[in-house]
Structure formats: C-alpha cells, structure tokens
Amino acid sequence: MAEVLPPMTVEHLLEDLDNPHFTGYVYIGKDDAGWTVAIGAQDFIPALRVYRADPKVADTVRAELGVAKKDVGLVFGWKRKVFRKLAQADCEDALTVMNAIWDSQVK
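Reading the values: rules and limits
- Residues numbered from 1 in each chain as written.
- Predicted model: local features only at pLDDT ≥ 70, side-chain atom pairs only at ≥ 80, totals over all residues.
- Heavy atoms only, no water.
- Buried < 20%, exposed > 50% of the residue type's maximum accessible area, 1.4 Å probe, protein only.
- Helix = DSSP H or I, 4+ residues; strand = E, 2+ residues; numbered from the N terminus.
- Pairing = 2+ DSSP bridges.
- Right-handed = clockwise from strand over helix to strand, strands pointing away.
- Phe/Tyr/Trp six-rings, centres within 6.5 Å; stacked < 30°, edge-to-face > 60°.
- Lys NZ or Arg CZ within 6 Å of the ring centre and 35° of its normal.
- Axes fitted to C-alpha atoms, helices over the stretch in contact; angles between N-to-C directions.
- Contact = heavy atoms within 4.5 Å.

Colleague: Just to check I follow, could you spell out the pairing of strand S2 (residues 23-28) for this structure?
Modeller: Every other side chain in a regular strand lies on the same face of the sheet, so the side chains alternate between the two faces. For S2, the buried fraction is high: 6 of the 6 residues fall into the buried class. In S2, alternate side chains face the same way, and those of Thr23, Tyr25 and Tyr27 on one face and Gly24, Val26 and Ile28 on the other are all buried. In terms of strand pairing, S2 meets strand S3 (residues 48-53) through 6 bridges, oriented parallel. Within S3, the residue paired with Gly24 across the bridge is Arg49. As for the winding sense of the linkage, the β-α-β connection from S2 through helix H2 (residues 33-44) to S3 is right-handed. Bridge analysis of S2 against strand S4 (residues 73-76) gives 4 bridges, and the strand direction is antiparallel. Note on S4: the bridge partner recorded for Tyr25 is Val75.

Structure (structure tokens):
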C-alpha cells in the first residue's frame with residue numbers, strides 16, 4: 001500500500017522501515033512523475049512498500065534518515081538503513097528505480 005506523510009507520521013514511517021518482511025522506497029516530493037514511478041514499482045515488485053514525504057515534511061524526514069537535500073528517492077533493503085539514494089531525474093526513470101529496489105532485495 002502506498003502511504004503519504006502527512007497524514008502518516010515520521011514515527012510510523014520509521015516503524016514500517018523496521019519491518020523485516022518488507023523493503024521500502026521513500027519518495028520525497030510532490031504527487032508528480034517520481035511518485036507515479038514509485039507506485040508503479042510497488043505494482044511490479046513483491047514485498048515493497050512505498051511512501052511519499054510531502055515537501056512540507058521533507059526536512060524532517062531527511063534529518064531523521066540522515067540524507068541530503070538532493071536525495072529525493074531513498075531505497076531501503078530489509079532494514080532501516082538507506083541502501084541507495086536517488087536524485088530527481090533518477091526517480092522519474094522507472095528502470096533505474098526498479099533496479100535499485102531489486103538490488104536492495106537481493107544484496
């Protein structure tokens with residue numbers, strides 16, 4: 001299921017990222033092409049949950065996850081540790097996003 005912050009809280013996001021049964025992909029941005037790719041990835045990749053952090057909570061999410069402002073796509077493997085960081089252009093390329101997520105599930 002795709003989730004959006006808010007109404008989802010950062011605390012709930014962190015709890016979800018700790019779930020060892022799912023990998024995660026956090027997209028930080030508006031409801032745009034990058035978010036469309038994220039939702040599409042969830043349709044194709046098993047055991048994946050996707051989240052969109054609205055720009056109004058972006059700084060809080062970035063601070064909590066320890067990533068830079070240029071990082072808008074965050075790929076998580078089976079733990080809360082960021083596996084790969086993607087720039088905006090990468091987030092809009094479905095193959096790049098899906099390959100990063102697949103890599104996080106097998107490495």
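Colleague: Would you explain the pairing of S3 in this entry?
Modeller: With respect to burial, S3 is a largely interior element, 5 of its 6 residues being buried. Pairing analysis gives 3 bridges linking strand S1 (residues 3-5) to S3, with the strands arranged parallel. The residue of S3 that forms the bridge with Leu5 is Ala53.

Colleague: Can you walk me through the packing of aromatic side chains in this structure?
Modeller: The geometry of an aromatic ring pair is captured by the separation of the ring centres together with the interplanar angle, meaning the angle of the planes. The final tally for this structure, using the stated rule, is 0 aromatic pairs. Its end group placed over the ring of Phe22, Arg49 keeps NZ or CZ at 3.7 Å from the ring centre. The positively charged end of Arg52 is found above the aromatic ring belonging to Trp35, 5.9 Å away from the centroid.

Colleague: Would you mind showing me how to read the sheet that holds S3 here?
Modeller: To summarise the sheet geometry, strands pair through backbone hydrogen bonds and adopt either a parallel or an antiparallel arrangement. What the 5 strands build is an open sheet, ordered S1-S3-S2-S4-S5; its pairing is mixed. If you trace the sheet from one side to the other, it starts and ends with S1 and strand S5 (82-86), each paired once. Within the sheet, the average angular offset between the axes of one strand and its neighbour, ignoring direction, is 20°. As paired elements, S4 and S5 share 4 bridges and run antiparallel to each other. Residue pairing in the sheet places Gly73 in a bridge with Leu86 of S5. Set on the sheet, H2 makes contact with S1, S2 and S3; between it and S3 the angle comes to about 165°.

Colleague: Would you explain the environment of Arg84 in this entry?
Modeller: Relative to the assigned elements, Arg84 resides in strand S5. Spatially, the C-alpha atom of Arg84 lies 21 Å from that of His12, the residues being 72 residues apart in sequence. In contact with Arg84, other than residues within four places in its own chain, are Gly73, Leu74, Val75, Thr96 and Ala100.

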